[in-house]
Each structure stands twice: as structure tokens, then as C-alpha cells.
Amino acid sequence: MIPDNIDLAITPLAPTRARSQPVEELTGNIRNVCGDFEIEPPDPASGRVKGDVSTMSVSRFETAIVSLNAKRVLRDKRMIKRDPGEHLFLVIQDKGNCWIHQNDTSVHLAPGDMYLVDSAHCSEFVYNGVDARQVSIHLPRSEMLHRFGAICTGGIAIDRSDPLFVAMRAVLTKIFSDDASVAPHHGEAFLSILGAYFRSVEHQEALQDRTSKGVLSRALSLIDRHAMDPDFGPQKLAELLQVSPRTLQRQFGVLGEPVGKRLLAVRLETARARLNAGNDGPGRNTIADVAYESGFNDLSYFYRAFRDRFGMPPGDLRKKVSL
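Below you will find a few notes about this structure. (Residues numbered from 1 in each chain as written. Predicted model: local features only at pLDDT ≥ 70, side-chain atom pairs only at ≥ 80, totals over all residues. Heavy atoms only, no water.)

## Details of the nonpolar core
Next up, step 1: If you look at the biggest cluster of nonpolar residues, it comprises 29 residues, and the most contacted ones within it are Leu90, Ile137, Leu139, Met144, Phe190, Leu194 and Phe198.
Next up, step 2: Looking at this core, the elements with two or more residues in it are β6 (87–95), β9 (114–118), β11 (132–140), α3 (141–148), β12 (156–158), α4 (163–177) and α5 (183–226). (Core = buried A, V, L, I, M, F, W, Y, C linked by side-chain atoms within 4.5 Å. Buried < 20%, exposed > 50% of the residue type's maximum accessible area, 1.4 Å probe, protein only. Helix = DSSP H or I, 4+ residues; strand = E, 2+ residues; numbered from the N terminus.)

## As for the sheet that holds strand β5 (residues 72–75)
Two pairing modes exist for strands in a sheet, parallel and antiparallel, and in both the strands are linked by backbone hydrogen bonds.
Next up, step 1: Here five strands make up an open sheet; going across it, the order is β2-β5-β10-β7-β8 and the pairing antiparallel. If you trace the sheet from one side to the other, it starts and ends with β2 (38–40) and β8 (105–109), each paired once. Neighbour-to-neighbour, the strand axes of this sheet turn through a mean angle of 15°, independent of strand direction.
Next up, step 2: Bridge count for strand β7 (residues 98–102) against strand β10 (residues 123–126) is four bridges, and the pairing is antiparallel. Opposite Ile100, over in β10, you have Phe125 as the bridge partner. (Pairing = 2+ DSSP bridges. Axes fitted to C-alpha atoms, helices over the stretch in contact; angles between N-to-C directions.)

## Some words on helix α8 (residues 259–276)
Next up, step 1: Between its first and last C-alpha, α8 extends 26 Å over 18 residues, near the 26 Å set by a 1.5 Å rise per residue.
Next up, step 2: What α8 keeps buried is the set Val259, Leu263, Ala265, Val266, Arg267, Leu268, Thr270, Ala271 and Leu275. (Expected span 1.5 Å × (residues − 1).)

## So, the sheet that holds β12
Next up, step 1: The strand order across the open sheet built from seven strands is β1-β3-β4-β11-β6-β9-β12, with neighbouring strands paired in antiparallel fashion. Because the sheet does not close on itself, it has two edges, and the strands there are β1 (19–22) and β12. When the angles between neighbouring strand axes are averaged without regard to direction, this sheet yields 30°.
Next up, step 2: For strand β3 (residues 48–58) and strand β4 (residues 61–68), the ladder comprises eight bridges, and the chain directions are antiparallel. For Asp52, the partnering residue across the bridge sits in β4 and is Ser67.

## Looking at the pairing of β3
Next up, step 1: By the bridge criterion, four bridges tie β1 to β3 in an arrangement that is antiparallel. Across the sheet, residue Ser20 finds its bridge partner in β3, namely Lys50.
Next up, step 2: Where β3 hands over to β4, the hairpin turn is made up of two residues, of which Ser59 adopts a positive phi near 55°.

## Topic: the environment of Tyr115
Next up, step 1: Secondary-structure assignment places Tyr115 in strand β9.
Next up, step 2: Separated by 27 residues in sequence, Tyr115 and Leu88 place their C-alpha atoms 9.9 Å apart.

## With respect to the side chain of Asp118
Next up, step 1: Relative to the elements of secondary structure, Asp118 occurs in strand β9.
Next up, step 2: Within the local environment of Asp118, its side chain forms a polar contact with the backbone nitrogen of Ala120, the two atoms lying 2.9 Å apart.
Next up, step 3: In this structure the side chain of Asp118 is engaged in a polar contact, spanning 2.8 Å, whose partner is the side chain of Arg141.
Next up, step 4: Discounting residues that sit within four places of it in the chain, Asp118 has contacts with His87, Leu88, Gln102, Arg141, Thr153, Gly154 and Gly155. (Polar contact = N/O pair within 3.5 Å; in protein donor to acceptor, adjacent residues only side chain to side chain. Contact = heavy atoms within 4.5 Å.)

This is the structure we're talking about:
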């Protein structure tokens, strides 16, 4: 965790020159600096927004300082087609708060937080009319891909609980405050730390993926082993795996079916196999016997589920086998 005495401010920026203006004017200024975005003012009826856009050089990277009190700012597929994304924007929340939505993820930024936005993907910044200011360092997308690979694309939050977060902020502070002649060296140092962060994220994702595959593999094995027990269900399976029911359901999302549906399918396939076995003669199991031995304790539910899956009642299947 970050110690309480760490100053998350990068540098004292120039006082904001934010002023009330037509939303089209601020939109045009942001497009000139950051690309094609659309602004929704806090009061659509007025058509005005309070804001300002300025630029400065940070190491060798163009940097935008955006102040505004918009309801939201968005970039959709239509805008990306008109203006293909050439940058990753390292957004640093300087004042106010913001929600960033990109690629089915939502991240809340408080002052000091950082998020790497991918301009080649749709994004939405939600401010809800609160005064906010963000510093956006424009990192060339092609260079970042060449350096770090796809891990840096698609939008990624910089976790402020990670020790590398503090290191990045310290280097950024040097970049903003030192003489321009040494800033390029600090810029390279910053990219090295950012790369270390990406590798750490990649490692954690790989561990999580291996863990998930391990849980799913064990779950499928346990279902095959215990499906004939009518008392065995998702809750019992989660207990055997020592994971929460929610985690278990998330693992089965890879298969596109919930745990209960998978368990039902195994029981029904077992019942069908036993009915297909025929077993003619006086000692033949009844359909009820087959149902109970396959893990069902409700005969009417068994008949209904069997018909839904195989398009015929179990009795008809038995008759076909007996012919």
C-alpha cells in the first residue's frame, strides 16, 4: 500500500483558465489536441460547458491538460473510423473524480490515480458535471506495441497499491519539474518502470489463468465422480474445491453453461446410456430405478428434463432399444 505521507501530486500546474463556452468550441479544441471525442454538457439545454485545454512537452511526449465540468466525454466506433487511434493516453487524475469505461471494464479515478486509455478502442469518461482536471500523456501506440506487446493495449488501470505505482509517480514528478535537457532520460526511466508493471500484470494474469484452468479441470472430474449422488450439487462442489459458489460459476463461464446445467447433462447422459443398454429379462431395472441410480430424486423432473434434452420420454427410448 502507498504510505499516507506520499504526495501524489505530479507538479503544481498552471492555474486553470477554464471558462464557460459553447460545447462545440471545447470539443473542437480537444479534437485538435487529443483526437475525435464528443462532449455531453452538464446541462444539454444550455449547450455550454466550462473547460479548457492546454498542452505542454513532457520528456519527448506531447501532454494535454484538460479541465472541464462535462457530464461525459466519449469516443465511439464512428469516431475511431474517422480518426484512427494513434496513441495510448496515460490519464492522470489531477482534480475531481471520473469513471472511465473501456472494453467492458469500469474504473473510478480519484486524484492521483492513473489509467492507460487506448485510443483505438471505444471509451467513455463520466464526470457527472463535477469540475475535473486530467493530465494526459500521449504515448505513440506503435512504439508502445513494439516495446511491450499487446499487454499495454485495450485500456489498463495502474493499481495504486502496487509499489511500481509509487516509482512511476516519482519519475513523473522529476519529468515535470526538471530541466528539459534531462527530461528525456527520465522519460526512458519512466517507460522502463511502466514496462516492468506490464510484465507484472502479465505474470499475474497467467497465474490466474492457470489457477482457473486447474479449478475447472478438478470441478469437471468431481462432477463425473459424484453426479450419481442426488445430494451432490453446486454448493457441495464448491465446498470440495474450497472456492466460493460465485467463483465456481465464473470458472464455468468459460464453458458457456452454469454448474447446475453441466451436472444435469451428466446425469441425463448416464440415464440414457443405461436405457440404451437394454437389460432385457425379469431382473431389468425400471425407468424409476434408472432415474434414481443416475442421481435424480424427483421422477417427474427426470421425465421432463429427459424429454427436453433428447426429444422423447425415457419410455420411448427403452421401447426403441427393445425392438
